[in-house]
Amino acid sequence: MRSETEGPAPGEPESARTAGGAASAGADDFAGEAGTAGSAGDAAGSTGASEGDEGAKRKRRKRSSDGSSSFWRELPILIGVALVLALVIKSFVVQAFYIPSASMESTLQIGDRVLVNKLVYRMRDIERGDIVVFSGLDSWDPAVPGSEPANPVLRGLRSVGTAFGLVAGEKDYIKRVIGLPGDHVVCCEAATGRVTVNGIPLDETSYLYTDPDTGEQNVPSAMKFDVVVPPERLWVMGDHREVSWDSRGHQADSGSGTIPLKSVVGRAFVIIWPVSHWRVLEIPATFHQPGLGGTALSALPMTLGLAAATPVVWLRRRPRRRP
């Protein structure tokens, strides 16, 4: 037996040699075609993978673009919702107020921002010593003279600024409650020169204005008064008695300078700005004197309500016996 490399065997027909060569050539051609097809398949697979990667990148870019555009579309809605919630809170719960004058120094400085609780008087009565914000439209002139801007945009900006305590309101005052309805408020006690409420002298040294240069403190009042506070009204005064135009200066008005309870917006309870002035506005100790009266009566409805609710709660919590 001979290999193909040795050529045809002696006596072998030419046709056999030709057929063998053709078969060999066909095999070689098939192998070449198979190799070409394999190369083409590899190229197609590589192209498909590349197109797949490019498609994935396009999808990622599209998702990123969609997310970014969606954020910008939703941003005005988010801002609108935030403003609505802020206005609801401002209208019914708590509001920031800007201090425009020196009438409450040194307790409150010009430019201070205070938070005013609008719900507190739905849960308890106004107390002596509370610092309250109220509207002066019923009997007093505006605290900060000015006119409403004619431009609607400026009016809107002013309203927003007032709502968030950035500018002073034209009709709002902030003072300390000295007399409640029915209180007899007098200035001044002959022996000490102090303001008296129902015959009890007030020690106001903890909050009356003291001149930082001279160290002299305001007298309780240089203006005399003797008033019985009418029903549903309050007698209010500023802590800087020398400059505060308060109930004392409005004694010729209806109500003898007192303000109606319904005009009270709420109680200032904390200074929030500037940070260096931050503090809670508590009721001074002098207003807790037992002889002033009123505190026990104010707490009576809540006390009675708690007393009535206790048996009901106890019965509901009592374990029941199973039959």
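Residues numbered from 1 in each chain as written. Predicted model: local features only at pLDDT ≥ 70, side-chain atom pairs only at ≥ 80, totals over all residues. Heavy atoms only, no water.

(A) Spotlight on the overall build of the chain. Looking only at helices and strands, one finds 4 helices and 12 strands in the chain. Burial statistics for the chain: of 323 residues in total, 29% are counted as buried. Long-range contacts, defined here as pairs at least 24 residues apart, represent 70% of the contacts in the chain between residues at least 6 apart. (Helix = DSSP H or I, 4+ residues; strand = E, 2+ residues; numbered from the N terminus. Buried < 20%, exposed > 50% of the residue type's maximum accessible area, 1.4 Å probe, protein only. Contact = heavy atoms within 4.5 Å.)

(B) Up close: the side chain of Thr258. Position of Thr258 among the secondary structure elements: in the loop between strand S9 (233-237) and strand S10 (259-260). In this structure Thr258 comes out as buried when scored by relative accessible area, which is 0%. At a separation of 2.7 Å, a polar atom in the side chain of Thr258 contacts the side chain of Arg233. Polar side-chain contacts of Thr258 include one of 2.5 Å to the backbone oxygen of Gly255. (Polar contact = N/O pair within 3.5 Å; in protein donor to acceptor, adjacent residues only side chain to side chain.)

(C) A look at a nonpolar patch on the surface. Taken together, the side chains of Ile272, Trp273, Val275, Trp278 and Val280 define a hydrophobic patch exposed on the protein surface, amounting to about 530 Å² of accessible area. Mapped onto the elements of the fold, Val275 is located in the loop between strand S11 (264-273) and strand S12 (279-280). (Patch = residues over 30% accessible without salt bridge, like charges linked within 9 Å, V, L, I, M, F, W, Y side chains within 5 Å. Areas by Shrake-Rupley, 256 points an atom, 1.4 Å probe, with all protein chains shown as cover. Salt bridge = Lys/Arg side-chain N within 4 Å of Asp/Glu carboxyl O.)

(D) Highlighting the pairing of strand S3 (residues 131-135). For S3, a buried count of 5 out of 5 residues is recorded, marking the element as mostly surrounded by other parts of the structure. With burial as the criterion, each face of S3 is covered, one bearing Ile131, Val133 and Ser135 and the other bearing Val132 and Phe134. Note: S3 against strand S4 (residues 172-179), 5 bridges, orientation antiparallel. Within S4, the position partnered with Val132 by the bridge is Lys175. (Pairing = 2+ DSSP bridges.)

(E) Summary view of the state of the cysteines. Summed over the entire model, instances satisfying the criterion amount to 1 disulfide. The partner cysteine of Cys187 in its disulfide is Cys188, sulfur to sulfur 1.7 Å. When the S-S torsion is -45°, as for the bridge of Cys187 with Cys188, the disulfide is left-handed. (Disulfide = S-S within 2.5 Å.)

(F) The pattern of salt bridges, seen in detail. Counted under the stated rule, the structure contains 8 salt bridges. The closest approach of N and O atoms between Arg124 and Glu127, which form a salt bridge, is 3.6 Å. For Asp183, the salt bridge is made with Arg128, and the minimal N-O distance between the two is 2.7 Å. Remark: Arg128 occurs in the loop between helix H2 (120-123) and S3 and Asp183 occurs in the loop between S4 and strand S5 (184-187); sequence separation between them is 55 residues. The pair formed by Asp183 and Arg128 is uniform in burial state, with each residue classed as buried. Members of the salt-bridge network, linked through shared partners, are Arg124, Glu127, Asp130 and Arg267.

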